[in-house]
Amino acid sequence: ELEILSSWDAGFVANVTITNLSDHDIPDWKLEFTYDADIESIWNASVAEKDEDYYSILNDGSNQNIPAGESVTFGYTAAGAGDEEIGNVSLISITK
């Protein structure tokens, strides 16, 4: 879930909440998606990769596992209008 917390002419602050709706934990998560906004700073996660509008967001270690039925949230500031949609979303467990 994407929630815009505040916005101004050239940017905005947002939170993304990932909820585990399954009956098992998701260990060591990574979130991949396409997004037209330009993430400038991020907290409770890190940008592992950015290529044009493709992002790969990695947990920050303190929130690496998402227990069944629970959520984790990360936030960021971005340049853009604030009405950009997140697309092509994939939630991946990177534990081998």
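Everything here concerns the structure above.
So, here's what we can say about the structure. (Residues numbered from 1 in each chain as written. Predicted model: local features only at pLDDT ≥ 70, side-chain atom pairs only at ≥ 80, totals over all residues. Heavy atoms only, no water.)

Side chains that are nonpolar tend, in soluble globular proteins, to be buried together. Residues I18, W29, L31, Y35, I57, F74 and Y76 are the most contacted members of the largest nonpolar core, which totals 19 residues. For this core, the secondary structure elements donating two or more residues are β2 (11–19), β3 (29–34), β6 (54–59) and β7 (71–79). Setting aside residues no more than four positions away along its own chain, L31 makes contact with V16, I18, Y55, S56, I57, F74, V89, S90 and L91. (Core = buried A, V, L, I, M, F, W, Y, C linked by side-chain atoms within 4.5 Å. Buried < 20%, exposed > 50% of the residue type's maximum accessible area, 1.4 Å probe, protein only. Helix = DSSP H or I, 4+ residues; strand = E, 2+ residues; numbered from the N terminus. Contact = heavy atoms within 4.5 Å.)

Read across the sheet, four strands follow the order β1-β2-β7-β4 without closing on themselves; strand pairing throughout is antiparallel. Both edges of this open sheet fall to β1 (2–8) and β4 (38–43), since each of them pairs with a single strand only. For this sheet the average axis-to-axis angle between neighbouring strands, irrespective of direction, equals 25 degrees. Inspection of the sheet shows β4 paired to β7 by five bridges, in the antiparallel sense. Looking at β7, one finds that I39 is bridged to A78. (Pairing = 2+ DSSP bridges. Axes fitted to C-alpha atoms, helices over the stretch in contact; angles between N-to-C directions.)

Scanning all chains against the criterion turns up six aromatic pairs. Judged by centre distance (6.0 Å) and plane angle (80 degrees), the ring pair of F33 and Y35 falls under edge-to-face. By relative accessible area, Y35 is classed as buried at 2%. Relative to Y55, the ring of Y35 has its centre 6.4 Å away and its plane inclined at 65 degrees; by these criteria the two rings are edge-to-face. In this pair, Y35 sits in the loop between β3 and β4 while Y55 sits in strand β6, placing the two residues 20 residues apart along the sequence. The buried category is assigned to Y55, whose relative accessible area is 0%. (Phe/Tyr/Trp six-rings, centres within 6.5 Å; stacked < 30°, edge-to-face > 60°.)

This part is about the pairing of β2. Within β2, seven of the nine residues are buried, which leaves the element mostly enclosed by the surrounding structure. Judged from the six bridges that link them, β1 and β2 form a sheet pairing that is antiparallel. Bridged to E3 within β2 is N15. Examined bridge by bridge, β2 and β7 share nine bridges and lie antiparallel to one another. Looking at the pairing, V13 lines up with T77 of β7.

So, to be careful, I would describe these as geometric facts and stop short of saying anything about function.
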